[in-house]
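# Survey of secondary and tertiary structure
The primary structure of each chain is shown beneath.
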Amino acid sequence: MTEKRSNEEQPIEMELSEVAAIKLPRSTSLESAGGLWGRLRPFYEGFIHFSLFVCASVSVLVTVGIVVVLLYESVQFFFDVSIIEFLTGTKWTPLLKPQHFGILPLLCGTMLVAGGAAIVAVPIGLGTAIYLSEYASPRFRDIVKPLLEVLAGIPSVVYGYLAIVFVSPIIRYLFPSAGVFNAASACIVVGIMILPMIISLSEDILQSVPLSLRGAAFALGANKFEVTVRVVVPAALSGIIASFLLAISRAIGETMAVTLAAGATPKLTLNPLESIQTMTAYIVQVSLGDTPTGTVEYRTIFAVGLMLFITTMTMNIMAQYILSRVGEKYE
Amino acid sequence: MASTPSVKKIMQPSEKATSGYSSAPMVRPSIPEGKSMRTADELAQATEKISVRDLSFYYSDNRALTDISLSIPERCVTAFIGPSGCGKSTFLRCLNRMNDMIEGTRVEGKILLEGQDIYSSKTDIVTLRKRIGMVFQKSTPFPKSIFDNVSFGPKIAGIKKKKDLYEIVERSLQRSALWDEVKDRLSESALNLSGGQQQRLCIARALANDPDILLMDEPASALDPASTARIEDLIFELKEQYTIVIVTHNMQQAARVSDQAAFFYQGLLVESGATEELFTNPKKQQTEDYITGRFG
Amino acid sequence: MASTPSVKKIMQPSEKATSGYSSAPMVRPSIPEGKSMRTADELAQATEKISVRDLSFYYSDNRALTDISLSIPERCVTAFIGPSGCGKSTFLRCLNRMNDMIEGTRVEGKILLEGQDIYSSKTDIVTLRKRIGMVFQKSTPFPKSIFDNVSFGPKIAGIKKKKDLYEIVERSLQRSALWDEVKDRLSESALNLSGGQQQRLCIARALANDPDILLMDEPASALDPASTARIEDLIFELKEQYTIVIVTHNMQQAARVSDQAAFFYQGLLVESGATEELFTNPKKQQTEDYITGRFG
Amino acid sequence: GCNGKSETGTEPAAKKAGTETEPAGGTGEALSGSVKIDGSSTVYPISEAVAEEFRNVHPKVRPIVGISGTGGGMKKFIAGEIDICDASRGMKEKEAAACKEKGIEFIELSVAFDGLAVIANPKNTWCDCLTVGQLKELWRPESGVKQWKDLDPKWPAKEIKLYGPGTDSGTFDYFTEAIVGEEKASRADYTASEDDNVLVTGVQSDENALGYFGYAYYEENKDKLKLLAVDGGKGCTKPSLETVRDNSYAPLSRPLFIYVRKSALERPEVVAFVKFYLENAAQLAKEVGYVPVSDEVEKQNQDALKGALSK
Amino acid sequence: MSTKLDIYTTKRRGRIANFLFTSICFLATITCVLMLLVLIWNIIIQGKGWLSWDFIERLPSRFPQKAGIKTALYGSIWLISLTALFSVPLGVGAAVYLEEYAPKSRWRKLIQLNISNLAGVPSIVYGILGLGLFVRALAFERSILSGALTLTLVVLPIIIMASQEALRAVPDSIRRSAYALGATRWQTVWYQVLPASLPGIMTGVILSLSRALGEAAPLLIVGAAAYVPFVPEKLSDEFTALPIQIFNWSARPQEDFHHLAAAGILVLLIVLVSMNAVAIFVRHKYGKKIRW
Ligand SMILES: Nc1ncnc2c1ncn2[C@@H]1O[C@H](COP(=O)(O)OP(=O)(O)OP(=O)(O)O)[C@@H](O)[C@H]1O
Ligand SMILES: Nc1ncnc2c1ncn2[C@@H]1O[C@H](COP(=O)(O)OP(=O)(O)OP(=O)(O)O)[C@@H](O)[C@H]1O
Ligand SMILES: [Mg+2]
Ligand SMILES: [Mg+2]
Ligand SMILES: O=P([O-])([O-])[O-]
């Protein structure tokens, strides 16, 4: 037996009398598998790799497209309007005479609505996600989660009217100084609108934290609150933050509800009881409106778009930074 | 081509070994002075810590444990032995209600901890689990730093001061024989530890919580003989104050560390009793077969 | 209160045991006829399957392995032993390039499989891993049915027919001594298995793939003596055709199953050689200390 | 109310319109193809009504009506993407020039009149009529009017809350042009919304509100709003079908147009559609809340169309 | 030695925090559900009596009693199907590439940042891009195809980010096990990682298609018409969509149209729910088993 073994250079297949009659395809070289499939496999894998790469590239191309368009038109815009005025001006009336091109009111409006919506949606959304994932019975979850996802599909016009006929009167009742159109009601309805993003995505991520981690914490005498806050949520943090990002992005991108609820008055104010306008709402107003292309008025939307892009980028970079500091990855 | 001589040789050093590890079963090498196995009589006299009465356990429709009655005495080590899949872990998890986490499970019968029914609706699971610590079969470090892993329990118990925490962490890691290896990397992720290191980390984590009863599901399965010996020493040390339940596949280990042993087979508790007796003079043939390795 | 007599008694049955399990180290009880340990001479003559040359391995800046050179002979069982955290798993993972998956790691040196450098850019990792099966230290079943777990390898290797797959699954589970326990619940989730069952499932999964070389990281750590014996028998059976590398903490197991042993300490390969020799007559004091349990 | 609420009231008229026009497009059943209309949101209801009726006559022809605002419609018209452009103002010189450059010839047809209603909250007891001068003082850029008493000392010292259409609507352009005298010249601190229903809600819930928007919206919300008269020099006049049509509600009544691409008129379905449009515009405009054009204008329209077709 | 606690008594501090936390989470959930109910109740009150089979069967009309939603409904179904067809493979593919294939380099981080940024680009900008790219440059004209492609761009970041998170949640040990069995990267992804992450991916799909269904502004830019009296039959047909029809109705002065708009919203919600039902079913089916 010893001899046999030492003299043998042949691959092992020969001796496998008692090993399965079904042989798995096998090769002895490391460089490629045998058989037709073996030879084709690298190409197949390569093809898939390439296809997936193309998929990922689409988003890059779209970004490049958007950035190029924004930059190209913005540069022309800044021939006409001084960048200083744009960045520091406190009045935004490009469509009115006399024209003013200070982006600050729009920026402020955007912050107000996005921030307000986040203040509404983040605690409620995260709380709900935690409840559904950690406390609720599977039955309850299976009913409520899809139900809440319906919130994501209700057209924003509906939210807009909800703001006007429902939320705004309440706010005006509580704060008589508020206008019919006010940022607060926009924050609330946009907050509601982005809830399902936070709830559904966070809930999924919380669910995928291994049970064994929870078990380990429970075994140490942690109560549900401690398990959730100290183990589950930190382990799911990257996903939760991603859901916040998506939701806030949606809040920033929202127009119809914001326009209906908060009006279309660019105003440099942080008072949520006043009417404001966001960058996005302005872009929609111009691009769906009457303004002829090629004019300065029309180009404002690209400058505003660029500003918006920079804003969201800052937010995302900050989020990435935070994640890189506090993210946990479980096995 | 038999290599019997070599194996003989292997055995020789173990006879002079000073700490008990699995290759040295002939003598009980490592029971330090004053640490000793309780006799059957002593066991009978010991206070009953946990009393299990007619416990049956179901995974959905599947009965995993059938009518188990067992008394676990205070300040003793009880070992659960039995073939893989016989329900040892399931039973262990019943003792601190970890099975509650698995959906669709059902418990029948009673488990009394110092006379109080742990499955009563009045039971506060959190307090229960604070008192009954557990080391799982599969080590599951939190995806946090080593320090945070060990200090988790004390932290939620309300200890805030960094210094106190550090002291507890150091002490626990030292007891679980991990300190020397990790003392310079306490802030590194616990997931970067080797298998055996993770296991010892989990032991340290349970110790840091200072429980009253300690359930350990194969706490030395991934450990080398030296570390195993240190964990066994630890068990000896702990049993002066704590009640310990250990699951092990290693008959020598069971014989070495436990005062009482319980043999499970297919969800049934076949036999339980003082280790001394169960190993020397089992009442059931099944037990005899199992501990002598005749069966499988 | 010493219980020496009881321990004596425990040892007696093991002498008549028919399958080798850890409580019976005095004789080599379970090496079946015709399965024998290779002598040092035979090892020297064996074809070299894997040749490791000056391998160093880094986790980021941390060197976990230092200048390891080792020859792994064909159709032999090589055992890696060493204290927890010494780098055994790391080394094992180097052999089938599983470490590639961990970020920030770096390999220096060479590993040749039948003369081909597995770290060469020409190497097809998939083919490599098909040939080099692996059982991980922590069992990680796929979150699928038991059947799907075991049939995964054959399926991706192109076997489509349900009947063939079923045959492979049955055979693999039988070999890993799990079949009887799970044959009625093949479509149940593998996550519902007990610790030892999961471990055997992972062994079956690796076997189903019919690899050329099998790396097993403590394959019996969660198994009872009987199952351990069956896995060891399996190893004996397999080594007629396969090259096997096993990590174990159990000195008896290493002595029983391996032809060659390698002792690691703190990332260094302290000594390697025929099991016979390494266990009876180690060249280094460290080795001697470790296998005799003197150290730790 | 010409609001289309009562089916029985309007149906026969439309049917009649349909039967009358049958000969105009030749043998109706034979026609197919599509007619693309886009542009002003103000004109949209008329075009939509025409398209809907037209399908009773020529079911195979597919009239498609879009809303992209007058300016947006013009862009598409210049790009040759549509056949007919709805407009709530006349074509601007720039746009005409662009058409010329692209070689697009067109005819302009005036299809209805629209009045802008100036409205206040029903609780407003003090104000019934505003002069154009007051309106200008109120709406001009940098206007200093903050309270009602700034307009008329007899009025209360309460802050005026202004509501108006968004800067991108034809209505805004027209109002600023007619009142302030320069297109798009307006104060900025008013509550703007592109959705007139929202303005209705705003004025309705604000005692000190004042706003303006299309007359049709007032018609539908009469009970919630107070219509103010405007004095354009000939005394206070409130908008109504009559005052808008006879131009006595000046200067806040404006004509609505459609522009038809001449080359599209080579297609019989477009010809049929445009003829049908002109024949029914009066009736349908009324139905949707606008004021039909005078007979004189209708005659001009017919001539323009004939002229284009005869070429 | 540890002080013995009676297992029937809780430490108050922990209990209060736990109780508060649970209550807050529960309240949050109830708030959400209530808000949804109020919203839907409002819509139902407004739309009831107007929603009928006839309403779904009829073409648009300027008479509220005669107006139907057929063309918008068909338009939306076309759009949403096509959008799903384009965006799901593309989005999941991109996510798979980023999580499973792309080397963890600076470049990957950059792409990641890109995608997060894209999620914040307002849909109208995609409309402008779609108009330039699909309608004009690629000459798809103002067709369903252009609309669907534009919507695809709008929802792509959502699908990618949600899928990425789902993929990331799959433990590495699963991948390692598969690789160790000689699975290729793709086999690992296809047979192990994707099935395990399916529930999360489905959530992304549900959320993004919901958004696509309710989106109006970019469609208006790429040329959805308001009055389309025929049902689209091919990719190149003109179209309108539910949210556009709803917007159109709700902007009209007549009260009756506002009721119609509510009825239209109900139709949209029905489409939404039935569309999501499939995804929810998948998520439910797979979501249950996988608890490691
Ligand atoms: N992913 C990782 N990142 C950083 N360090 C690691 C990682 N995995 C292991 N190590 C370290 O490398 C060393 C060797 O680990 P390895 O897992 O190879 O040990 P081992 O010999 O298998 O131990 P055990 O018997 O406990 O499994 C240990 O100190 C461990 O902490
Ligand atoms: N979550 C579960 N769902 C359903 N069945 C389960 C579950 N966990 C364990 N089982 C089954 O219950 C039985 C007992 O399992 P248990 O884990 O208690 O075994 P064990 O004695 O600990 O075995 P081992 O020594 O292998 O860990 C086994 O047959 C196992 O397959
Ligand atoms: Mg177990
Ligand atoms: Mg290891
Ligand atoms: O749509 P307009 O009528 O405002 O141009």
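Calculation criteria
- Residue positions are counted from 1 within each chain, in the order its sequence is given.
- Chain letters and ligand numbers both follow the written order, the letters beginning at A and the numbers at 1.
- Residues qualify for local features only when their pLDDT is at least 70, as the model is predicted, and side-chain atom pairs are given and counted only at 80 or more; totals for whole chains, interfaces and linings, by contrast, use all residues.
- Computation of side-chain values covers all heavy atoms of the structure but excludes hydrogens and water.
- Among buried residues, those of type Ala, Val, Leu, Ile, Met, Phe, Trp, Tyr and Cys that are joined through side-chain atoms within 4.5 Å constitute a nonpolar core.
- Between buried and exposed lies partly exposed: a residue is buried under 20% and exposed over 50% of the maximum accessible area for its type, with that area taken using a 1.4 Å probe on protein chains only.
- Strands are runs of DSSP state E lasting at least 2 residues, helices are runs of H or I lasting at least 4, and numbering of each runs from the N terminus.
- We call two residues contacting when some pair of their heavy atoms lies within 4.5 Å.
- Note on donors: an N, O or S atom is included if it sits within 2.8 Å of the metal, or within 3.2 Å for Na, K and Ca, and water is never included, so sites can look incomplete.
- Only a single heavy atom is needed: when it lies within 4 Å of a molecule or strand, its residue is near that molecule or strand.
- Between N or O atoms, a polar contact is any pair within 3.5 Å; within protein, one atom must be a potential hydrogen donor and the other a potential acceptor, and residues adjacent in sequence are included only when both atoms are from side chains.
- To be clear on the numbers: accessible area is Shrake-Rupley with a 1.4 Å probe, and residue cover counts the displayed protein chains and nothing else.
- Ten residues, namely Ala, Val, Leu, Ile, Met, Phe, Trp, Tyr, Cys and Pro, are considered nonpolar, four, namely Asp, Glu, Lys and Arg, are considered charged, and the remaining ones, Gly among them, are considered polar.
- Sulfur atoms of two cysteines make up a disulfide when they are within 2.5 Å.
- Salt bridge, as used here: a side-chain nitrogen of Lys or Arg that lies within 4 Å of a carboxyl oxygen of Asp or Glu.
- Domain segmentation is taken from an automatic or database assignment of domains.
- Joining two parts hides part of their accessible area as seen by a 1.4 Å probe, and the buried area is that hidden amount summed over both.
- When DSSP finds two or more bridges between two strands, those strands count as paired.
- With its strands directed away from the observer, a crossover is right-handed exactly when the path from the first strand over the helix to the second travels clockwise.

## Describing the nonpolar core
In terms of nonpolar packing, the biggest core is built from 261 residues, with F80, F91 and L95 of chain B touching the most fellow members. Broken down by element, the residue count for this core peaks at 16 residues, all from helix α6 (residues 144–168) of chain E. Not counting residues within four places of it along the chain, the set of residues in contact with L95 of chain B comprises I50, V52, I72, F80, I111, I118, I132 and L215 of chain B. In this structure, Y44, A49, A51 and L278 of chain D belong to the second largest nonpolar core, which totals 40 residues.

## Here's the deal with the coordination of the magnesium ion (ligand 3)
Residues and elements named next belong to chain B. For the magnesium ion (ligand 3), the protein coordination sphere consists of S89 (OG) and Q137 (OE1), at 1.9 to 2.1 Å. Of this pair, S89 sits in helix α3 (residues 88–95) while Q137 sits in the loop between β6 (132–135) and α5 (146–156), and the two are 48 residues apart along the sequence. Residue S89 shares its accessibility class with Q137, and that shared class is buried.

## Quick word on the site of ligand 2
Taken together, 18 residues sit near ligand 2, with S84, S89 and T90 of chain B together with S194 and G196 of chain C positioned nearest. The local environment of ligand 2 is shared, drawing residues from chains B and C. Taking Y59 of chain B, its side chain carries an N or O atom lying 3.3 Å from a nitrogen atom of ligand 2. S89 of chain B is positioned with one of its side-chain polar atoms (N or O) 2.5 Å from an oxygen atom of ligand 2. Computed on the free molecule, ligand 2 has an accessible area of 630 Å², of which 90% lies beneath the protein chains in the complex. For the shell around ligand 2, the secondary-structure elements that each account for two or more residues are α3 of chain B together with α8 (195–208) of chain C. Residues that form the shell around ligand 2 fall into these classes: 3 nonpolar, 12 polar and 3 charged.

## Quick notes on the side chain of T248 of chain B
All names here are of chain B. In this fold, T248 is placed in the loop between β8 (243–247) and α10 (251–257). Look at T248 and you get buried, because its relative accessible area is 3%. Within the local environment of T248, its side chain forms a polar contact with the side chain of Q253, the two groups lying 2.7 Å apart. What T248 contacts, discounting residues up to four positions off in sequence, is F80, I81, E218, Q253 and A254.

## Digging into the state of the cysteines
Any covalent bond linking the sulfur atoms of two cysteines counts as a disulfide. Residue and element names in this part refer to chain D. Per the stated rule, a full pass over the model turns up 1 disulfide over all chains. Note on cysteine connectivity: C129 is disulfide-linked to C236, with sulfurs 1.9 Å apart. Measuring the twist about the S-S bond at about -95°, one finds the C129-C236 disulfide to be left-handed. Of this pair, C129 sits in strand β5 (residues 129–131) while C236 is found in strand β10 (residues 236–237), placing the two residues 107 residues apart along the sequence. The exposure class assigned to C129 is buried, which follows from its relative accessible area of 18%. Between C99, a cysteine without a disulfide, and C85, which holds the nearest cysteine sulfur, the sulfur-to-sulfur distance is 8.7 Å. With relative accessibility at 0%, the residue C99 sits in the buried group.

## A closer look at the site of ligand 1
Close to ligand 1 lie 18 residues; S194 and G196 of chain B together with S84, S89 and T90 of chain C are nearest. Residues lining ligand 1 come from chains B and C. For ligand 1, an oxygen atom lies 3.3 Å from a polar atom in the backbone of G195 of chain B. Across the complex, the protein chains shield 90% of the 630 Å² of accessible surface that ligand 1 would expose by itself. Looking at the shell around ligand 1, the elements with two or more residues in it are α8 (195–208) of chain B together with α3 (88–95) of chain C. Taken together, the residues that form the shell around ligand 1 break down as 3 nonpolar, 12 polar and 3 charged.

## Regarding the pattern of salt bridges
Within this structure, the stated rule accounts for 63 salt bridges over all chains. Where E108 of chain B meets R106 of chain B, a salt bridge forms, and the shortest distance between an N and an O atom there is 2.9 Å. R200 of chain C is paired through a salt bridge with E181 of chain C; the nearest N and O atoms lie 2.8 Å apart. Separated by 19 residues along the polypeptide, R200 of chain C in helix α8 and E181 of chain C in helix α7 (residues 179–182) bring together distant segments of the chain. A relative accessible area of 0% means that R200 of chain C is categorised as buried. One network of salt bridges, with partners in common, ties together K49, E74, E114, R131 and D212 of chain B.

## Quick word on the domain arrangement of chain E
Residue and element names in this part refer to chain E. If you check the domain split of chain E, you get domain 1 (1–47) and domain 2 (53–289). Using C-alpha coordinates to define each centre, domain 1 is positioned 33 Å away from domain 2. Listed as interface residues are 5 residues of domain 1 and, on the opposing side, 7 residues of domain 2. In total, domain 1 and domain 2 occlude about 470 Å² of area from one another, counting both sides; carbon and sulfur atoms represent 76% of this.

## Description of the pairing of strand β1 (residues 33–39) of chain D
Residues and elements named next belong to chain D. Relative to strand β2 (residues 61–65), β1 is paired through 5 bridges, and the arrangement is parallel. By the bridge assignment, G33 is partnered in β2 with V61. Taken together, β1, helix α2 (residues 44–57) and β2 constitute a β-α-β crossover, and its handedness is right-handed. By the bridge criterion, 3 bridges tie β1 to strand β3 (residues 84–87) in an arrangement that is parallel. Bridge pairing in β3 links D38 to C85.

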